[in-house]
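Structural characterization, general
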Amino acid sequence: MIQRNDPCPCGSGKKYKRCCIGKNEVSIDTLVEEELQRILAGMYEQPITPAIHAEYEIFHREWTTKLSSFWDAKEIEYAVSEYFFYVARRDLWKRYLIKVLNDPIRSAVRSVVETWQEPVILLGNITGEKNGLVVIEEVLGDETYYLEKQQDMPVEKDSVVFGVALRDDRIGENGIFILNSLLFVKDGNHSFVNEITKFAESSGFDKSDGFYKTHMIDIYHRILSRSEGSVLDLLKDELTEIQQEAVDIFYEKLKFLKIEADHPELMGNIIVTYLYEKQPNFKKPEVIAAAFLHALLEFNMFDDYSMAQSELAKLFDVSVSSVTNQSGRIQEFIVGMGKNIGISEPNK
């Protein structure tokens, strides 16, 4: 039996009577979890200099501009704060943890906090479950992480998880502690993983940390845009027979030309949304298919690939004038979607 003057079993270093004597009904694990949450919250309560605040505001404006079509202000605030303190200005996070570790804290809390000094930027495939833990394999690395499954967490096999996490050895080696802005996206055909891998390879960064630091907002945008795409998949059932034929012809020609869009999900969303919302008038499906290709080329959707309008018209066996007419309307529509998809004006 623990006596009043015995060391408290929670590891705080205090006597039992001055620590957990009145908390017998609360487990040590609960106390540790509450203390860890207070430490995390304390990071955002630290005073910062005007220069650091100004730097943060630059990121906040950028992220708000790019993500406000998908997230509300609170969600953006969570994501920007995590990016700023755990990625862009990780030195501030480390400085805060030094202060925390210099204060008297429970040994069980200290052992966790000591592993938090290098946050994990996680982009991984969910490969299954093991002993009640979600198994996540890095996309741009070789590590395997383990995440404690929480209620209502969308952890399906072949899904991708992305966000900032902290290490948590309480659940075992390479365990991770999730933060607010962890996202899950279904990727049964691995198209998203392939897209991000190609993006990382072309970014010029030798290490994934540098890639994430520069392009984290772009990955969030691609995931959120993809989530919007799941709604647009439903619209495909609403296309008329001739509209669907035009879509099929468009993709057949891309395959024939052996070209791929830099953002295939975005491209598909543009095509389906335009057909559904604008209901363009055309009798020959090749015309609208050719117009889509011409319009998307004008917005550099196929990297450096180009094609003269006369050559494009010949490929689809349509007139140049019919392609020009339809392409102009599609380009106006894309500009109108610009705020949502990150595109402003076509090539001049």
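Scroll up to find the structure this text is about.
Here we summarise the structure given alongside this text. (Residues numbered from 1 in each chain as written. Predicted model: local features only at pLDDT ≥ 70, side-chain atom pairs only at ≥ 80, totals over all residues. Heavy atoms only, no water.)

Per the secondary structure count, the protein chain includes 13 helices and 6 strands. By sequence separation, contacts in the protein chain at least 24 residues apart represent 65% of the contacts at least 6 residues apart. Accessible surface, the protein chain: about 18,700 Å² in total, of which carbon and sulfur atoms supply 48%. (Helix = DSSP H or I, 4+ residues; strand = E, 2+ residues; numbered from the N terminus. Contact = heavy atoms within 4.5 Å. Areas by Shrake-Rupley, 256 points an atom, 1.4 Å probe, with all protein chains shown as cover.)

Among the 9 residues that make up strand E4 (residues 159-167), 8 are buried, leaving the element largely enclosed by the rest of the structure. As paired strands, strand E1 (residues 120-130) and E4 are joined by 6 bridges and run antiparallel to one another. Its bridge partner being in E4, glycine 124 is matched across the sheet by valine 161. Where E4 meets strand E6 (residues 183-186), 4 bridges bridge the pair, whose relative direction is antiparallel. (Buried < 20%, exposed > 50% of the residue type's maximum accessible area, 1.4 Å probe, protein only. Pairing = 2+ DSSP bridges.)

Our next topic: the pattern of salt bridges. For the coordinates displayed, the defined rule picks out 10 salt bridges. Aspartate 91 serves as the salt-bridge partner of arginine 95, at 3.5 Å between the closest nitrogen and oxygen. In this pair, arginine 95 and aspartate 91 both sit in helix H4 (residues 90-102), 4 residues apart, roughly one turn of the helix. Residue class for arginine 95 comes out exposed when judged on its relative accessible area of 51%. Of the residues examined, aspartate 91 reaches a relative accessible area of 34% and is grouped as partly exposed. (Salt bridge = Lys/Arg side-chain N within 4 Å of Asp/Glu carboxyl O.)

So, about the packing of aromatic side chains. Evaluated as defined, the whole model comprises 20 aromatic pairs. Taking the centre distance of 5.5 Å and the plane angle of 55° together, the rings of tryptophan 116 and phenylalanine 177 count as tilted. Here tryptophan 116 is found in the loop between helix H5 (107-113) and E1, whereas its partner phenylalanine 177 is found in strand E5 (residues 175-178), with 61 residues between them in sequence. Take phenylalanine 177: its relative accessible area is 7%, and that puts it in the buried class. In this structure, arginine 222 packs its charged tip against the face of phenylalanine 199, placed 4.1 Å from the ring centre. Taking NZ or CZ as reference, lysine 253 lies 5.8 Å from the ring centre of phenylalanine 316, over its face. (Phe/Tyr/Trp six-rings, centres within 6.5 Å; stacked < 30°, edge-to-face > 60°. Lys NZ or Arg CZ within 6 Å of the ring centre and 35° of its normal.)

Core analysis: the biggest nonpolar cluster contains 56 residues, and Trp63, Trp93, Val113, Trp116, Phe162 and Met216 have the highest contact counts within it. Considering each element in turn, this core owes the most residues, 9 residues, to helix H3 (residues 73-88). Those residues in contact with phenylalanine 162 that lie beyond four places of it in its chain are Ile121, Leu122, Leu123, Ser181, Leu182, Leu183, Tyr212, Met216, Ile219, Tyr220 and Ile223. Residues Ile259, Tyr274, Leu297 and Met301 belong to the second largest nonpolar core, which totals 39 residues. (Core = buried A, V, L, I, M, F, W, Y, C linked by side-chain atoms within 4.5 Å.)

Glancing now at the environment of leucine 147. For leucine 147, the position within the fold is in strand E3 (residues 144-148). Note: C-alpha distance between leucine 147 and isoleucine 176 (29 residues apart in sequence) is 5.5 Å.

One ladder, built from 2 bridges, connects E3 with E5; its direction is parallel. By the bridge assignment for E5, tyrosine 146 is matched with glycine 175. Pairing of E4 with E5 involves 3 bridges; the strand directions are antiparallel. Bridged to alanine 165 within E5 is isoleucine 178.

One non-glycine residue, asparagine 131, lies in the positive phi region at around 55°. Within the secondary structure, asparagine 131 sits in the loop between E1 and strand E2 (133-138). In the Ramachandran plot, lysine 258 falls in the positive-phi region, its phi being about 60° despite a non-glycine side chain. Here lysine 258 lies in the loop between helix H8 (241-257) and helix H9 (264-278). For lysine 258, a relative accessible area of 77% puts it in the exposed group.

The subject of this paragraph is the packing of helix H11 (residues 309-316) against helix H12 (residues 320-336). In the contact formed by H11 and H12, the axes pass within 9 Å of each other and the chain directions differ by 105°. Relative to H12, H11 is oriented roughly perpendicular. Every residue of H12 that contacts H11 at Gln309, Ser310, Leu312 and Ala313 is listed here: Val320, Val323 and Thr324. For the contact of H11 with H12, the residue count by class is 4 nonpolar, 3 polar and no charged. (Axes fitted to C-alpha atoms, helices over the stretch in contact; angles between N-to-C directions. Parallel < 35°, antiparallel > 145°, perpendicular 65-115°, else oblique. Nonpolar A, V, L, I, M, F, W, Y, C, P; charged D, E, K, R; others polar.)

This part covers helix H2 (residues 50-67). Taking 1.5 Å as the rise per residue, H2 with 18 residues should run 26 Å; its terminal C-alpha atoms sit 25 Å apart, in good agreement. The complete set of buried residues in H2 reads Ile52, Tyr56, Phe59, His60, Trp63 and Leu67. Along the axis of H2, the buried positions cluster into a sector of 105°, meaning they face one direction only. Turned more than 90 degrees away from the buried face of H2, the exposed residues are Pro50, Ala51, Ile58, Arg61 and Thr65. (Expected span 1.5 Å × (residues − 1). Arc of directions from axis to C-beta.)

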